[in-house]
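# Report on the structure
One-letter residues, chain by chain:
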Amino acid sequence: MKPLRSLSGLIDFECAARWGSFKLAARELHKTPAAVSLQVKQLEENIGFPLFVRHPRHIALTEKGQELASATGRMLADLRAKVAALQRGDEEAVLRISTTHSFAIKWLVPRMHRFTKLYPELDIRIDSNDAPVDLQADSTDVAVRYGPVAEGDPTVLFRERLVPVYSPELLAPGQDALSLADLAQHHLLVVQSPEAWLQLLNENRALKGKYDFSRVYTHWGVLVQAAVAGQGVALVPYGIAFGDIQSGALRQIPCKSARFQSGYRFLVNPHKEHMLKVQRFREWMVAEMRAMEATLDRR
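Nothing here was measured: the structure is a model prediction, and the numbers come from that model.

### Some details on the overall build of the protein chain
- When helices and strands are counted, the protein chain shows nine helices and twelve strands.
- For 299 residues, the compact-globule formula gives about 19 Å, and the C-alpha radius of gyration of the protein chain, at 26 Å, lies well above that figure.
- Oriented by its inertia axes, the alpha-carbon framework of the protein chain measures out at about 80 × 45 × 35 Å.
- Burial status across the protein chain gives 43% buried among its 299 residues.
- In the protein chain, 72% of the contacts between residues at least 6 apart in sequence involve partners at least 24 apart.

### Re the packing of aromatic side chains
- According to the stated counting rule, one finds 13 aromatic pairs in the structure shown.
- Centre to centre, the rings of F22 and F52 are 5.6 Å apart; their planes meet at 80 degrees, and the pair counts as edge-to-face. You can see F22 sitting in helix 2 (residues 22-29) and its partner F52 sitting in strand 1 (residues 52-54), a full 30 residues away along the chain. For the pair F22 and F52, one class covers both residues: buried.
- For the ring pair F266 and F281, a centre distance of 5.8 Å and an interplane angle of 45 degrees mean the geometry is tilted. Here F266 is found in strand 12 (residues 262-268), whereas its partner F281 is found in helix 9 (residues 276-293), with 15 residues between them in sequence.
- Residue F266 is classed as buried on the basis of its relative accessible area of 4%.
- What makes F281 buried here is its relative accessible area of 0%.

### Details of the pattern of salt bridges
- What the rule picks out here adds up to 15 salt bridges.
- Here R54 ties to E44 by a salt bridge, and the two come within 3.0 Å at their closest N and O atoms. Taken together, the positions of R54 in strand 1 and E44 in helix 3 (residues 33-47) put the pair ten residues apart, joining distant regions of the chain.
- Judged by its relative accessible area of 7%, E44 falls in the buried class.
- In this structure, R125 engages D123 in a salt bridge whose closest nitrogen and oxygen atoms are separated by 2.7 Å.
- Overlapping salt bridges, with partners in common, bring together R96, D141, K272 and K277 in one network.

### Regarding the environment of K23
- Structurally, K23 is set in helix 2.
- Classification of K23 as exposed rests on a relative accessible area of 55%.
- The spatial distance from the C-alpha of K23 to the C-alpha of A34 is 8.4 Å, given a sequence separation of eleven residues.

### Let's talk about helix 9
- Between its terminal C-alpha atoms helix 9 stretches 26 Å, which fits the 26 Å expected from 18 residues at 1.5 Å a residue.
- Contacts from the buried residues of helix 9 go to strand 3 (94-99), helix 5 (101-118), strand 5 (142-148), strand 6 (156-159), helix 8 (238-247) and strand 12.

### Describing the sheet that holds strand 11 (residues 251-252)
- Taken together, the five strands give an open sheet; going across it, the order is 9-8-10-7-11, and neighbouring strands pair in mixed fashion. The open sheet has two free edges, formed respectively by strand 9 (212-217) and strand 11, since each of these has just one partner strand.
- Sheet topology places strand 7 (residues 162-166) next to strand 11; two bridges connect them, and they run antiparallel. Among the inter-strand pairings, V165 is bridged to a residue of strand 11, identified as Q252.
- Helix 6 (residues 195-203) contacts strand 7, strand 8 (187-191), strand 9 and strand 10 (233-237) of the sheet and is inclined by roughly 95 degrees relative to strand 10.
- Contacts from helix 7 (residues 220-228) reach strand 7, strand 8, strand 9 and strand 10, with the element oriented near 145 degrees to strand 10.

### Some remarks on the UniProt feature "domain: HTH lysR-type" (unreviewed entry) in the protein chain
- Those residues carrying the UniProt feature "domain: HTH lysR-type" (unreviewed entry) are residues 5-62 in this numbering.
- Annotated as residues 5-62, this span is 57% helix and 10% strand, and its ends, taken at the C-alpha atoms, are 22 Å apart.

### Here we look at the nonpolar core
- Core analysis: the biggest nonpolar cluster contains 62 residues, and F281 and M285 have the highest contact counts within it.
- Here the element with the most residues in this core is helix 9; it accounts for six residues.
- With sequence-adjacent residues up to four places away left out, M285 is seen in contact with F103, W107, L108, V144, L157 and F266.
- Counting residues in each nonpolar core, the second largest holds 16 residues, with F13, A17, F22 and L51 among its members.

### Comments concerning the packing of helix 2 against helix 3
- Taken N-terminus to C-terminus, the directions of helix 2 and helix 3 make an angle of 105 degrees; their axes are 8 Å apart at the nearest point. The orientation of helix 2 relative to helix 3 falls into the category roughly perpendicular. Residue-level inspection shows F22, K23, A25, A26 and L29 of helix 2 in contact with helix 3, the latter providing P33, V36, S37 and V40.
- Class assignment of the residues belonging to the contact of helix 2 with helix 3 gives a composition of seven nonpolar, one polar and one charged.

Conventions and cut-offs
- Residues numbered from 1 in each chain as written.
- Predicted model: local features only at pLDDT ≥ 70, side-chain atom pairs only at ≥ 80, totals over all residues.
- Heavy atoms only, no water.
- Helix = DSSP H or I, 4+ residues; strand = E, 2+ residues; numbered from the N terminus.
- Rg over C-alpha atoms; globule rule 2.2 N^0.38 Å.
- Buried < 20%, exposed > 50% of the residue type's maximum accessible area, 1.4 Å probe, protein only.
- Contact = heavy atoms within 4.5 Å.
- Phe/Tyr/Trp six-rings, centres within 6.5 Å; stacked < 30°, edge-to-face > 60°.
- Salt bridge = Lys/Arg side-chain N within 4 Å of Asp/Glu carboxyl O.
- Expected span 1.5 Å × (residues − 1).
- Pairing = 2+ DSSP bridges.
- Axes fitted to C-alpha atoms, helices over the stretch in contact; angles between N-to-C directions.
- UniProt positions renumbered as here; feature names shortened; annotations may be inferred.
- Core = buried A, V, L, I, M, F, W, Y, C linked by side-chain atoms within 4.5 Å.
- Parallel < 35°, antiparallel > 145°, perpendicular 65-115°, else oblique.
- Nonpolar A, V, L, I, M, F, W, Y, C, P; charged D, E, K, R; others polar.

Printed below as a string of structure tokens:
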């Protein structure tokens, strides 16, 4: 197995892979197509396997070429971001946050004005993506991720509770509130499966009855919006529905909550743990989460 002894040719290769053409890559790199092709050929000889299948009128990545192109693209993007940050001198002035779509839309973005009011000098960049994030990458400072949490984990911000909520639009004339006894009269909105609903109904000794679980969603944020729109009663994470509960757009049905093992963790790029921007954002997040948790009925 040959070690990679030189990075020469990786930029040409990444550019050609991105364009699918030596000619177009040459245009971007201000080289000749022959020069780009030669650099890639030398890289292939260095690593010991082909990166492209060369056809008369086009080129196509090999399977290994696709893997290397993906890795090289991420590496060069991080490198370019680092160089740009150093050139601008903004490494401490830009806070790059990665989190999930639902949390960004329903929790983080609506209250970020409170953080920016405290620290107006910070340039906030929020990347909402449900895919796992590489915390070693320079493009991420901190990540707030949702998933299973363990007792005693110091990264845990908030352990979620599932609560049943509904829009006031579902109330019949003269009806003040919904209770568990009213659930059979409404669509019960779920994410992926009704398992959590069944746990809650069992916990409250309300399993008997015919329930309609026909409306299924893939994201908690979409589920909450469906409940706000009056499409049924939803069992949702308290954190995601918190803003709508506080505004009155959603109401809670009082009952015991279902057992739930997921929550939010605050993760930090290990190279940026010492930065003041990270410390300030962590302190603010902890305070916001504690304030929200204080409003939660933990029956």
